[in-house]
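Next come the chains, spelled out residue by residue.
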Amino acid sequence: MSERIEDTAPDDTRPGALDAAPGVDPDAVARVWAAMCSLVLKQEDRRKEVAETLGMSFFRAKALRRLLPGPLTMRELTSRLATEKPYTTLVVDDLERRGFVERSVHPDDRRCKIVTLTPAGVAAAEQAERILARPPRSLLALAPEDLAALDRIMAALRSPQG
């Protein structure tokens, strides 16, 4: 019976194991990562809450949020949404029909369209931001010392690794 390639691979080729610091248990890293993902993505489905609150797909809300800092060309919006140009056009068409955005001709290049939030679009985008920024209940329920420890850990995770 022949060995399969994955049976002969060293343990340090498992996802997450290659970059783990010496002495760090790759299984513990995987458990922590899974818990973080669950907390952020599954425990309180903020994407669904945003979509239901605003009465639009989360992707449309994402487009509004990308426009909060200021107007963008269609090309810039497409890039920031990491999507295709035809889909951005469909999204902007819908948001324009709903009164959340306006399109105008770029002053320097008539071939380009600029997308700008209307006051209703700003309000919707800000509401989405408030929903997404609200901490999960489980985080709010932590004991002060646990929150302080987690705060220190998160600061270490955010700092550049040397």
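Computed from a prediction, not measured in an experiment: that's the story for all the values here.

Q: Would you mind going over the nonpolar core in detail, with residue names and values included?
A: Judged by nonpolar contacts, the single largest core of 24 residues is most densely connected at V50, L54, M56, L64, L67, L95 and V101. For this core, the secondary structure elements donating two or more residues are α3 (46–54), α4 (58–67), α5 (74–81), α6 (85–97), β3 (113–117) and α7 (119–133). No other element matches α4, which puts six residues into this core. The contact partners of L54, leaving out residues within four places of it in the chain, are A61, R98, A124, Q127 and A128.

Q: Outline a nonpolar patch on the surface, listing residues and values.
A: Taken together, L142, L147, L150, I153 and L157 make up a surface patch of nonpolar side chains, about 400 Å² in accessible area. For L157, a relative accessible area of 51% gives the class exposed.

Q: Summarise the packing of α5 against α6; cite the residues concerned and give the values.
A: At a minimum axis separation of 9 Å, α5 and α6 run at an interaxial angle of 105 degrees. What the angle tells us is that α5 and α6 run roughly perpendicular. Counted together, M74, L77, T78 and L81 of α5 and K85, T88, T89 and V92 of α6 form the full contact between these two elements. For the contact of α5 with α6, the class distribution of residues is four nonpolar, three polar and one charged.

Q: Tell me about the sheet that holds β3, and name the residues and values.
A: Judged by pairing direction, the sheet is antiparallel, and its three strands sit side by side in the order β1-β3-β2 without closing on themselves. The open sheet is flanked by β1 (72–73) and β2 (101–105), the only strands paired with a single partner. Bridging between β2 and β3 involves five bridges; their strand directions are antiparallel. From the neighbouring strand, V101 faces β3, where its bridge partner is L117.

Q: Provide a residue-level description of α5, including the pertinent values.
A: Along α5, the residues classified as buried are M74, L77, T78 and L81. All buried residues of α5 lie within an arc of 100 degrees about the axis, which places them on one face of the element. Every exposed residue of α5 that faces more than 90 degrees away from the buried side is listed here: R75 and S79. Trailing α5 by a residue or two, A82 shows a phi angle of about 55 degrees, which is positive.

Q: Can you lay out α7 for me, pointing to particular residues and giving the numbers?
A: Since the α-helix advances by 3.6 residues per turn, residues separated by three or four positions end up pointing in the same direction. Compared with an ideal rise of 1.5 Å per residue, which puts 15 residues at 21 Å, α7 spans 21 Å between its outermost C-alpha atoms and is within 8% of the ideal. Regarding α7, the residues found buried are G121, A124, A125, A128 and I131. Buried residues of α7 fall within an arc of 120 degrees about the axis and therefore sit on the same side. Facing away from the buried side of α7 by more than 90 degrees, the exposed set consists of P119, R130 and A133.

What counts, and where the lines are drawn
Residues numbered from 1 in each chain as written. Predicted model: local features only at pLDDT ≥ 70, side-chain atom pairs only at ≥ 80, totals over all residues. Heavy atoms only, no water. Core = buried A, V, L, I, M, F, W, Y, C linked by side-chain atoms within 4.5 Å. Buried < 20%, exposed > 50% of the residue type's maximum accessible area, 1.4 Å probe, protein only. Helix = DSSP H or I, 4+ residues; strand = E, 2+ residues; numbered from the N terminus. Contact = heavy atoms within 4.5 Å. Patch = residues over 30% accessible without salt bridge, like charges linked within 9 Å, V, L, I, M, F, W, Y side chains within 5 Å. Areas by Shrake-Rupley, 256 points an atom, 1.4 Å probe, with all protein chains shown as cover. Salt bridge = Lys/Arg side-chain N within 4 Å of Asp/Glu carboxyl O. Axes fitted to C-alpha atoms, helices over the stretch in contact; angles between N-to-C directions. Parallel < 35°, antiparallel > 145°, perpendicular 65-115°, else oblique. Nonpolar A, V, L, I, M, F, W, Y, C, P; charged D, E, K, R; others polar. Pairing = 2+ DSSP bridges. Arc of directions from axis to C-beta. Expected span 1.5 Å × (residues − 1).

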